[in-house]
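Single-letter residue listing:
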Amino acid sequence: MSAASSDLPRRPPTSVHVELGSRSYDILIGRDLIDTVGHELAQRLPKARMAIVTDETVAEHHLNRLTASLDFADIEYVTIVVPPGEGSKSFAALETVIEALLEARIERNDVVLAFGGGVVGDLAGFAAGTVLRGIRFVQLPTTLLAQVDSSIGGKTGINTTHGKNLVGVFHQPSFVLSDSGILDSLPEREFNAGYAEVAKCGLIGAPDFFTWLESNWRAVAAGWPEREQAIASACRAKAAIVAADERESGVRALLNFGHTFGHALEASAGYNGRLLHGEGVSIGMVLAFGLSAKLGHCKPEDVKRVVAHLKDVGLPTRISEIPGGGFDVDALMGLMAQDKKVSRGKLTFILVKGIGRAFIAKDVPVETVKEFLSEQMR
Ligand SMILES: NC(=O)c1ccc[n+]([C@@H]2O[C@H](COP(=O)([O-])OP(=O)(O)OC[C@H]3O[C@@H](n4cnc5c(N)ncnc54)[C@H](O)[C@@H]3O)[C@@H](O)[C@H]2O)c1
Ligand SMILES: [Zn+2]
C-alpha cells in the first residue's frame, strides 16, 4: 500500500449491479480494494484456483499487492505475464495464455483474473471464454478506460490483420473489482484517454453528469472521492445500457458515440501510440457533435461546450492536433465505410439532439459526411 493511500480513511466500496439474469454480476469500486481481493474471491468463488493474466507494466507496479492479498486468503494461483500494449491482442498472445492455462492444469471450477487495462481484459476474457469451452473470469481493471468501459459488458477478443476486435466471444465476468487508487500510477495521457469514455457517458444520456464533470473534473483526476463517484456513474450508465441490450442489437450502439470517426482516425494513425483510443474518441465526439449541428439536430453552442470541456481536461478536439498529420478525407471515408457498412449511399451514425441526447441515425448521407470532414480538415 502506498504511503499516501494508507493515510486515507477506508470506506465501503460502491457497488453497481449489472442485471443480466443468470449472468448478472456486481462491479465493486473503491480505493485500495486490491488489498481485499483475496477475501472477495474466497467469498464469491470459493475453492477456485486462480490464473492471473497481466502485462509487464502492471505486474511491475501492482502484482505484489494482488498476490499478497491472494496469499493472505490462502488462494492458489499461477501468473501469466504478456507484453504491454495493443500488440498483445493477437493470436500469438492468445496461444501463449491458453497454453499456460493448460500447462497449469486449469480446471472447470478455476478462475482467470484479468489484471490490467483493456488489452489484458479483452485477451484474458477471450482465453477464459474458450479454454475448456469456457471458465469463469474476474475483471480487475487497472486503467480508467478499463474501469469505466472495457471490463463491463462481456465483450472480449483480439485483433487480426483485417482489423480490430474481429475475433472474440461474449463472455461476462463473474464480478468486476475496480481499485480507483491503482490509477495513481497511470500516465496522465492514459488517464485522460480513459476520461473521454467517462465524458461520453454524460454526452450520450446523462446531461446532469456532464454538468457535474464540467465542475469536478480536476477532483476526478486528483482522486478520492470524486474519482470513485465518476467511475461509479459511468459504470451505472454502461450497466443500464448493457442490461437493456447485451448483444448490441439496438441501444448498446449508443456506446459507440464518437467511435465511427474515432476508429477511422485510430486506424489511419496506425495504432503506434500516436493517437490513443480515447484521444480518437475525444476528437470523434467533437466531430459527431459538429455533424449533428450541421444536420440541424443540435445547437452550435452545444458543440462549443463539449470542445471547451475536453480541452480543459487536456484532450485533443481537432484532427490537426494529432502529431504527424497526414490524414486524408477519402482514406477516412473508406475506413468509416468499412467500419459501418454503407447502404445505398447512407451511413449509420450516433448523433445528438443536444448534450445527453444521443440517438441512432441510420440515414446519414455519405456526401454530407465527406463535405463535413473536408471542412474540418481545412
Ligand atoms: N471489451 C470492450 O468492451 C472494450 C471497450 C473499450 C475498449 N476496449 C479495448 O481496450 C483496449 C484499450 O484499453 P486500455 O486503454 O486500458 O489500454 P492498455 O490495456 O493497453 O493499457 C494502457 C497502458 O497502460 C499500462 N497500465 C495499465 N494499468 C496501469 C497502471 N495502473 N499504472 C501504470 N500503467 C498501467 C498498460 O501496461 C499499457 O501500457 C483496446 O484494445 C480496446 O479495443 C474494449
Ligand atoms: Zn471506446
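1. So, the environment of L132
By secondary structure assignment, the location of L132 is in the loop between α5 (118-130) and β6 (136-141). For the pair L132 and I106, spaced 26 residues apart in the sequence, the C-alpha separation amounts to 8.7 Å. With sequence-adjacent residues up to four places away left out, L132 is seen in contact with L102, I106, E107 and R108.

2. Some thoughts on the coordination of the zinc ion (ligand 2)
With distances of 2.0 to 2.1 Å, the protein atoms coordinating the zinc ion (ligand 2) are E197 (OE), H259 (NE2) and H277 (NE2). For E197, a relative accessible area of 2% gives the class buried.

3. Focus: the confidence of the model for the protein
For the protein, the average pLDDT comes to 94, and 96% of its residues sit at 70 or higher. Every residue in residues 1-6 scores below 50 in pLDDT, and together they form seven contacts with partners more than four places removed in sequence or on other chains.

4. Some remarks on the site of ligand 1
Near ligand 1 there are 25 residues, and of these D55, G118, T142, T143 and S185 occur at the shortest range. In this structure, G118 approaches ligand 1 through a main-chain N or O atom, which is 2.8 Å from an oxygen atom. Burial of ligand 1 by the protein chains amounts to 89% of its free accessible area of 870 Å². Secondary structure elements with two or more residues in the shell around ligand 1: α3 (56-72), α5, α6 (144-150) and β8 (163-167). Top contributing element to the shell around ligand 1 by residue count: α3, with four residues. Per-class residue counts for the shell around ligand 1 are six nonpolar, 10 polar and nine charged.

5. Regarding helix α9 (residues 226-244)
Its 19 residues place the ends of α9 27 Å apart at the C-alpha level, agreeing with the 27 Å of an ideal helix rising 1.5 Å per residue. Along α9, the residues that are buried comprise R227, E228, A230, I231, A232, A234, C235, K238, A239, I241 and V242. Against the buried residues of α9 lie β1 (14-18), β2 (25-30), α6, α7 (188-205) and α8 (207-222).

6. Some remarks on the nonpolar core
In terms of nonpolar packing, the biggest core is built from 76 residues, with L41, L66, L113, F115, Y195, F257 and F289 touching the most fellow members. In this structure, F257 is in contact with K200, L203, I204, V281, M285, A288, F289, I350 and V352, ignoring residues within four places of it in sequence. The next biggest cluster of nonpolar side chains, apart from the first, holds 25 residues, and it includes L287, V329, F359 and F372.

7. So, the pairing of strand β4 (residues 77-82)
Bridge analysis of strand β3 (residues 50-55) against β4 gives six bridges, and the strand direction is parallel. From the neighbouring strand, I52 faces β4, where its bridge partner is T79.

8. Quick word on helix α2 (residues 37-44)
Considered for burial, the residues of α2 that qualify are V37, G38, E40 and L41. Down the axis of α2, the sector holding all buried residues measures 160°, keeping them to one side. Those residues of α2 that are buried lie in contact with β2, β3, α3, β5 (111-116), β6 and β9 (176-179).

9. Notes on the environment of D328
Structurally, D328 is set in the loop between α12 (300-313) and α13 (329-340). For the pair D328 and V198, spaced 130 residues apart in the sequence, the C-alpha separation amounts to 29 Å. Reaching out from D328, the side chain makes a polar contact with the backbone nitrogen of D330 at a distance of 3.2 Å.

What counts and how
- Residues numbered from 1 in each chain as written.
- Chains lettered and ligands numbered in written order.
- Predicted model: local features only at pLDDT ≥ 70, side-chain atom pairs only at ≥ 80, totals over all residues.
- Heavy atoms only, no water.
- Helix = DSSP H or I, 4+ residues; strand = E, 2+ residues; numbered from the N terminus.
- Contact = heavy atoms within 4.5 Å.
- Donors = N, O, S within 2.8 Å, 3.2 Å for Na, K, Ca; no water.
- Buried < 20%, exposed > 50% of the residue type's maximum accessible area, 1.4 Å probe, protein only.
- pLDDT = per-residue confidence, 0-100.
- Near = heavy atom within 4 Å.
- Polar contact = N/O pair within 3.5 Å; in protein donor to acceptor, adjacent residues only side chain to side chain.
- Areas by Shrake-Rupley, 256 points an atom, 1.4 Å probe, with all protein chains shown as cover.
- Nonpolar A, V, L, I, M, F, W, Y, C, P; charged D, E, K, R; others polar.
- Expected span 1.5 Å × (residues − 1).
- Core = buried A, V, L, I, M, F, W, Y, C linked by side-chain atoms within 4.5 Å.
- Pairing = 2+ DSSP bridges.
- Arc of directions from axis to C-beta.

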